[in-house]
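Breakdown of the fold
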Amino acid sequence: MKLRGLYAITDSQLLAGKLLPFVEAALDGGLALLQYRDKSTDDARRLREAEALRGLCERYKAHLIINDDAELAARLGVGLHLGQTDGPLTPARALLGRQAIIGSTCHSQIELAEQAAREGASYVAFGRFFNSSTKPGAPTATLDILDQARARLNLPICVIGGITLENAAPLVAHGADLLAVVHGLFGAESPQEVTRRARAFNDLLSI
Ligand SMILES: Cc1ncc(COP(=O)(O)OP(=O)(O)O)c(N)n1
Ligand SMILES: Cc1ncsc1CCOP(=O)(O)O
Ligand SMILES: [Mg+2]
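Since this is a predicted model, take the numbers as computed values, not measurements. (Residues numbered from 1 in each chain as written. Chains lettered and ligands numbered in written order. Predicted model: local features only at pLDDT ≥ 70, side-chain atom pairs only at ≥ 80, totals over all residues. Heavy atoms only, no water.)

As a further point, take the site of ligand 2. Looking at ligand 2, the residues that line it are R37, R128, S132, T134, K135, A138, I160, G161, G162, V181, V182 and H183. Within the contact set of ligand 2, an oxygen atom lies 2.5 Å away from a side-chain nitrogen or oxygen of T134. In this structure, H183 approaches ligand 2 through a main-chain N or O atom, which is 3.0 Å from an oxygen atom. If ligand 2 stood free it would expose 370 Å²; the protein chains cover 90% of that surface. If you map ligand 2 onto the pockets, it falls in the largest pocket. Its residues placed into classes, the shell around ligand 2 shows four nonpolar, five polar and three charged. (Near = heavy atom within 4 Å. Polar contact = N/O pair within 3.5 Å; in protein donor to acceptor, adjacent residues only side chain to side chain. Areas by Shrake-Rupley, 256 points an atom, 1.4 Å probe, with all protein chains shown as cover. 1 Å grid on protein atoms, 1.4 Å probe; cavity = no way out; pocket = protein on both sides within 12 Å on 5 of 7 lines; lining within 4 Å. Sits in = over half its atoms within 2 Å of the grid points. Nonpolar A, V, L, I, M, F, W, Y, C, P; charged D, E, K, R; others polar.)

If you want it as structure tokens, here you go:
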């Protein structure tokens, strides 16, 4: 499976009261991956929302990824994204199976990416590249990590952190396959604008 395209990530505050219409608008514009990212402990709501998102993703032939929570990903039979403090990759791979998409946060460290590759990651994620209102304290990354990753790894490269239509082109030029975006996509005023932005992100990737 070739992982390349727009990778939309949900945010519970930004999408409060409009999660499904805004996600559907993004899917309409074209998503490779959708990540359900909800840092709350409301397990019942998380299950309900993730199930609804799985249904939408099936309709639009996109892959759903659950942030942080391997058990929820296993329960739904979908993918998983793990950060460096979210538990080890090897048991998650054993739990979810060989076909599951599992991503790993590697900040700006090629050693973390090489370890993730050895442990069976499906993609490696670097960032943040720009100021992010969603996660302002995330460690920073610069374009040279993408050059290193291209030279040393044979895995899809995901970039994240403050990405917008205005600043994404250099990331693509340096080898990014997946543009992971929260605010630059879902910060739009209307579902129509979300769809327009999603299409424009995909245009950037199809050069
Ligand atoms: C695609 C993608 N890349 C990086 C992250 C960040 O993961 P993590 O460092 O575990 O931080 P949280 O998102 O859990 O706050 C991500 N979620 N997705
Ligand atoms: C989860 C995460 N990890 C690093 S930056 C970030 C937030 C991405 O959101 P935005 O696209 O709004 O900066
Ligand atoms: Mg995490």
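Around ligand 1 sit 16 residues, and of these R37, K39, D86, T105 and K135 come closest. Between ligand 1 and the protein, one listed contact pairs an oxygen atom with a side-chain N or O atom of K39 at 2.6 Å. A distance of 3.4 Å separates an oxygen atom of ligand 1 from a polar backbone atom of G83. Here ligand 1 has 420 Å² of accessible area as a free molecule, and 91% of this is covered by the chains. Placement of ligand 1 is best described as lying within the largest pocket. Residues of the shell around ligand 1, tallied by class, amount to six nonpolar, five polar and five charged.

Turning to the UniProt feature "binding site: Mg(2+)" (unreviewed entry) in the protein chain, a few remarks are in order. Sites flagged by UniProt as "binding site: Mg(2+)" (unreviewed entry) map to D68 and D86. These annotated residues cover 19 residues of sequence, but their C-alpha atoms sit close together, with the largest distance between any two at 5.8 Å. Among the residues just listed, D68 and D86 line the largest pocket. Within the element layout of this structure, D68 appears in the loop between β3 (63-67) and α3 (70-76). On the accessibility criterion, D68 (25% relative accessible area) is partly exposed. What D68 contacts, discounting residues up to four positions off in sequence, is K39, L80, H81, L82 and D86. A distance of 3.3 Å separates polar atoms of two side chains, one belonging to D68 and the other to N67. By secondary structure assignment, the location of D86 is in the loop between β4 (79-82) and α4 (89-96). Residue classification places D86 among the partly exposed positions, given a relative accessible area of 27%. There is a polar contact of 2.5 Å between the side chain of D86 and the backbone nitrogen of G83. (UniProt positions renumbered as here; feature names shortened; annotations may be inferred. Helix = DSSP H or I, 4+ residues; strand = E, 2+ residues; numbered from the N terminus. Buried < 20%, exposed > 50% of the residue type's maximum accessible area, 1.4 Å probe, protein only. Contact = heavy atoms within 4.5 Å.)

A separate point is the coordination of the magnesium ion (ligand 3). Coordination of the magnesium ion (ligand 3) by the protein comes from D68 (OD) and D86 (OD), over a distance range of 2.0 to 2.2 Å. With D68 in the loop between β3 and α3 and D86 in the loop between β4 and α4, the pair connects residues that are 18 residues apart, well separated along the chain. (Donors = N, O, S within 2.8 Å, 3.2 Å for Na, K, Ca; no water.)

So, about the environment of D11. Inspection of the secondary structure assignment puts D11 in the loop between β1 (5-9) and α1 (19-29). Owing to a relative accessible area of 11%, D11 belongs among the buried residues under this scheme. In this structure, the C-alpha to C-alpha distance between D11 and I157, residues 146 residues apart in sequence, is 22 Å. Sequence-distant contacts of D11, defined by excluding residues within four places in its chain, comprise R37, T134 and V182. Within the structure, D11 has its side chain in polar contact with the backbone nitrogen of Q13 (distance 3.1 Å).

Right, let's get into the layout of surface pockets. Considering only enclosed or pocket space, the largest pocket measures out at about 680 Å³ in volume. As for the largest pocket, its lining consists of 36 residues, of which R37, T105, K135, A138 and I160 are closest to the centre. In terms of residue count, strand β6 (residues 123-127) provides more of the lining of the largest pocket than any other element does, three residues in total. Its residues assigned to classes, the lining of the largest pocket comprises 12 nonpolar, 18 polar and six charged. Space inside the second largest pocket adds up to approximately 210 Å³. If you list the elements that add at least two residues to the lining of the second largest pocket, you get α2 (43-60) and β3. In terms of residue class, the lining of the second largest pocket is made up of eight nonpolar, four polar and two charged. (Points joined across faces, edges and corners; volume = space filled by probe spheres on them.)

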